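# Residue-level structure breakdown
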Amino acid sequence: MELKIDGQVCDLGTAPVAVPGYDAVKLASAESCREGRSLKITIPATPRNDALVGFACDPRTAVGFNDALHTAELLAEGSALIGGTVRLLAVSGEEYTLEIRDGGAGWAENAARRMFSRLEVAWDSALTPTAIVESWTDDSPVKFFPIHRDEYRQQNNSSDLLPAERLLSVEDYHPFLHIATLVGQIFREAGYAVKSRFFESAFFRSLYMSGAYSSHDTTAAANRMGFSARRLAPATAAANELGRVSANPKAIASTVGNIVDTATPQSVDADGEAVDGLFNNGNCFSTDNGKIVFTPPAEISVGFEYCLKYTTAHRIVSRTCLKGFDTVYLGPGSEFRFELANRYRDLRDAVAPNFTYRALVFDHLAGAQYRLTYTRNGVPGTVWTDFAARSAQVTTPASGTVADPVLLVRSGSQWVAYRGDWALYNGYVGETGQTMVEVRLRTAAESVSPASPKYFNLIYFAGAEPGMALTLHKECSLRPRFLSAPGFGSRIAFADVAQHRIRQSELLDALAHLFNLRFFTEAAARRVWVEPEGEFFGAGPETDWSGRTDFSQPVERRPVAPEIHEVRTWRYRDGDGAVARFDAAGEEAPLGAWSFAADSCAAMQGEKVLRNPLFSPSLNAAGHYLNAPSALIPEVGDRDDAEEDGTNFTLRIVRYAGMHPLPGDERWGYPSGRSEYPLAAFHFAGDDAAEGFTLCFEDRDGQQGLHRFYDGQVRREAVRERIVLSLRLAPHEFEALLTPGTGAPDIRSVFRIDTGAGVVRAALHAVGDYDPAKASVRCTFNRLMED
């Protein structure tokens, strides 16, 4: 054998050296990969070795051996048996004790020491509607998906023509991080290359995890200077010549007064009802010359959350859009522009007898003349009515059949098909009407101090036509957000959306749990092989070693069942909000959980629960966004959690299925205005537009669960055995075992071995300490299901 330190040959002693072997158990997590292999070796204190270890015996040596990084390599017949970093453990007058470390001392150690937020992912953006929309289709490592925060639904007034329109703001989109990018960066920053078909698969590259904004305990600030303010009465005003209504009590006209009125507990509104939830710690919220103001006792960074509810007059301008108050200005840098969706249904494809409709021509020009025809009792082109205005109310006959309305326009002396945009609505729908709007807006943090308090008199609503009315309802509220998440227009980098208090290794271990991953490190080549267990073992060349068994040593056969529990359950962390209610509603097992029962009577009694260390499951639900009620949106948070700050939620994993079409006239409103939306889900049953998928361990809605990554392993463990025998291995064969991808048999190979009772197919489970001077080495194999 030959030992080299920093490429220089050492003098070896006469004692035999046994190189540590291999244990498949250490491949199952990033944490276990930290250990790698290590070999303690003693070399004599010869002149050559003295120089190589820096004359460590001499106490006057200026530089210690361990003050710098050194490498060592142990070879036999020219084959490297172990190599890696080396450190000096002990010194005596006769010898030096060294330790050679190989394997996980690199990337795994780095991932275990570094926080997740320290990943240097090249990404930054402004939190704007444009950036949100662009993230859905670009190759950005951060995408902003719509979410629905768990809450108790407010009931609409029974007199409302349509339910209130819940406008989505930037707060309704949450950052999700591309897992393939994160994993690749973890290894790159440690200086390792990854070989993985699984990591390159479309399935893995579609996975995202929820990000997190910086979260601090703001209890002290809230207790000292927090407030919750509300309006006490509605107010109505008409838009000025600019189409605006201000929330300024000092304005002479076109104003609804202060956006909120009071934060005094036990205040009574205009209807004589006590207002819940008001508080004013430190009397920081007050009125100064009629204007509401926030005056903290000390300088502080704070954003503000506005929950606004207003009714706007509107005019229908297209089949998808209304003209009305669609802009809210909350101060410099905080102008929120929306689109008021036209939610009235176009009934041209559902005309019925004895019914009143309104025909509305959106691109009407003064002087134009129209003729509306339909097919009556099978006769096409029957004149329904003629009109010369932008709209006309028409009624179908009480009997017979009617269908296929067609709008014509007069061109000279002829009627020709109208090529502009028009619609047919219920007869009670007018060209103008009213729409109720609800929106939650959060401004970016700003510095506020006693000398520079925050006034709220620059607020206005805009986008309407002059004279249009706006009614601001008493449900409007305002509260401060201390050290809040980024608000509209904030500039953010990757670290701002990755504030999970976890180590990088925790993400790798969570993924290993989901997909039954195996990690194998080649330290010398700085390369890591990663695949699910079923694909890792079998990836190397299948090899016949049936003639290698050393029958001078005993052959042992051990069933695996005594090492496992009779029931094993793979599941996620406990879900919150909607998931908790779903589980409590009678599900036999928590969402995402899968159990395997071993039939063997030798298995250990009881159940072992293997819970994911990071991720919780999610439910997607429709109906949360009335303009696109078919859209399936992840439900997050917990409406019953008093500590929930509305910003972050339990970490979860989803699969991004791309832009998903919406049916019929549904449209995704702010900020895209498209007839499609970004579909990100933990579980999707599938529909006519896309195949389903699930990240549950169990099968659900016909979708195969993640148990598929465990099926082969658990069935084999329940009924198969481990075979322990001695094999004759040359040094180059031992080296090749731990060097995948060379074409020679390696630890990923399927081996044919002779047990003395027949030849079987097996995967390598462990190799004992290897001494090339001996004729054989003890090996443990897992017998595969197919012999």
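Residues numbered from 1 in each chain as written. Predicted model: local features only at pLDDT ≥ 70, side-chain atom pairs only at ≥ 80, totals over all residues. Heavy atoms only, no water.

## Looking at the pattern of salt bridges
Within this structure, the stated rule accounts for 41 salt bridges. Note that Asp346 and Arg319 form a salt bridge whose closest N and O atoms lie 3.8 Å from each other. Here the residue Asp346 occupies a position in the loop between strand 25 (340-341) and strand 26 (356-361), and Arg319 occupies one in the loop between strand 21 (300-316) and strand 22 (321-323), the gap between them amounting to 27 residues. With a relative accessible area of 8%, Asp346 lands in the buried category. Overall, the relative accessible area of 35% leaves Arg319 in the partly exposed class. Notably, a salt bridge pairs Asp421 with Arg319, separated by 3.0 Å at the nearest N-O pair. With a gap of 102 residues between them, Asp421 in the loop between strand 31 (414-417) and strand 32 (422-426) and Arg319 in the loop between strand 21 and strand 22 connect regions that are remote in the sequence. Salt bridges here are not isolated pairs; linked through shared partners, they connect Glu31, Arg34, Glu109 and Arg113. (Salt bridge = Lys/Arg side-chain N within 4 Å of Asp/Glu carboxyl O. Helix = DSSP H or I, 4+ residues; strand = E, 2+ residues; numbered from the N terminus. Buried < 20%, exposed > 50% of the residue type's maximum accessible area, 1.4 Å probe, protein only.)

## Here we look at the environment of Gly623
For Gly623, the position within the fold is in the loop between strand 47 (619-621) and strand 48 (633-636). When its relative accessible area of 28% is taken as the criterion, Gly623 is described as partly exposed. Sequence-wise, Gly623 and Asp276 are 347 residues apart; in three dimensions their C-alpha atoms are separated by 28 Å.

## Overview of the sheet that holds strand 48
Ordered in space as 10-48-47, the three strands form an open sheet in which the pairing is mixed. Of all the strands in the sheet, just strand 10 (148-149) and strand 47 have a single pairing partner and so form its edges. Pairing analysis gives two bridges linking strand 10 to strand 48, with the strands arranged parallel. Bridged to His148 within strand 48 is Glu635. (Pairing = 2+ DSSP bridges.)

## Some remarks on the pairing of strand 40 (residues 517-522)
Taken across its six residues, strand 40 has six buried, putting it largely inside the fold. What you see with strand 40 is no split at all: Leu517, Phe519 and Thr521 on one side and Arg518, Phe520 and Glu522 on the other are buried throughout. Two elements, strand 40 and strand 41 (residues 527-532), share six bridges in a ladder whose sense is antiparallel. Counterpart to Phe519 in the pairing with strand 41 is Val530. The antiparallel hairpin formed by strand 40 and strand 41 contains four residues in its connecting segment, where Arg526 sits at a positive phi of about 50°.

## Concerning the sheet that holds strand 50 (residues 676-681)
Strand order in the open sheet made by the five strands is 9-12-14-49-50, with antiparallel pairing throughout. The open sheet terminates on both sides in strands that have one partner only, identified here as strand 9 (142-146) and strand 50. Across this sheet, the average inter-strand angle for adjacent strands is 45°, counted without regard to direction. Two strands pair when backbone bridges link them, and strand 12 (residues 173-178) and strand 14 (residues 207-210) are joined in this way by three bridges, in the antiparallel orientation. Paired with Leu177 across the bridge in strand 14 is Met209. Those strands touched by helix 5 (residues 179-189) are strand 12, strand 14 and strand 49 (653-661), and its axis lies near 45° from that of strand 12. (Axes fitted to C-alpha atoms, helices over the stretch in contact; angles between N-to-C directions. Contact = heavy atoms within 4.5 Å.)

## As for the packing of aromatic side chains
The way to describe two aromatic rings as a pair is by their centre distance and the angle between their planes. Within this structure, the stated rule accounts for 44 aromatic pairs. Here the aromatic rings of Trp107 and Phe519 are separated by 5.6 Å at their centres, their planes lie at 35°, and the arrangement is tilted. Here Trp107 is found in helix 3 (residues 107-113), whereas its partner Phe519 is found in strand 40, with 412 residues between them in sequence. Chaining the aromatic ring pairs together yields one cluster made of Trp570, Tyr572, Trp594, Phe596, Phe682, Phe697 and Tyr710. Sitting above the plane of the Trp422 ring, Arg348 keeps its charged end 4.6 Å from the centroid. Over the ring of Phe693 we find Arg655, and its NZ or CZ is 5.2 Å from the ring centre. (Phe/Tyr/Trp six-rings, centres within 6.5 Å; stacked < 30°, edge-to-face > 60°. Lys NZ or Arg CZ within 6 Å of the ring centre and 35° of its normal.)

## Observations concerning the environment of Glu635
Tracing the chain through its elements places Glu635 in strand 48. A sequence separation of 487 residues divides Glu635 from His148, and the C-alpha atoms of the two residues are 4.8 Å apart. Non-local contacts of Glu635, meaning those with residues more than four positions away in its chain, are made with His148, Ala578, Leu619, Ala621, His624 and Arg652.

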